[in-house]
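Spelled out, the chains give:
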Amino acid sequence: MQEKDFLEKMAEIMDTEEELSMDTVLKDVEEWDSLSYVAFLAFGATIAKEKIWPADVKAAETLRDLYGLLMGDK
């Protein structure tokens with residue numbers, strides 16, 4: 001998955017109009033909440049190269065961190 005596609009999917013998951021970049025800090029996005037968290041886990045389960053652990057998602061600080069989880073780049 002390309003970064004551009006990932007950012008589009010994350011905007012959809014978070015249902016946000018905010019401009020997202022790979023360096024977007026998750027805590028700064030109001031729409032990054034428990035529903036977005038669960039939606040990301042479900043999305044990740046379908047495309048990730050490795051199992052994504054909930055604790056790793058909670059520890060993520062930026063969208064780049066989440067992308068790394070999907071791509072297996074912990």
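Look up a bit, the structure's there.
Since the structure is predicted, the reported quantities are computational estimates derived from the model, not experimental observations.

Caption draft 1: Spatial organisation of helix H1 (residues 3-14). For H1, with 12 residues, the first-to-last C-alpha span of 16 Å sits near the 16 Å given by 1.5 Å per residue. Within H1, burial applies to Phe-6, Leu-7, Met-10, Ala-11, Ile-13 and Met-14. Seen end-on, H1 carries its buried residues on one side only, within an arc spanning 160°. With respect to the buried face of H1, the exposed residues turned more than 90 degrees away are Lys-4 and Glu-12. Elements that come into contact with the buried residues of H1 comprise helix H2 (34-47) and helix H4 (63-71). In the segment just after H1, Asp-15 is the residue with positive phi, at about 50°.

Rules and cut-offs
Residues numbered from 1 in each chain as written. Predicted model: local features only at pLDDT ≥ 70, side-chain atom pairs only at ≥ 80, totals over all residues. Heavy atoms only, no water. Helix = DSSP H or I, 4+ residues; strand = E, 2+ residues; numbered from the N terminus. Expected span 1.5 Å × (residues − 1). Buried < 20%, exposed > 50% of the residue type's maximum accessible area, 1.4 Å probe, protein only. Arc of directions from axis to C-beta. Contact = heavy atoms within 4.5 Å.

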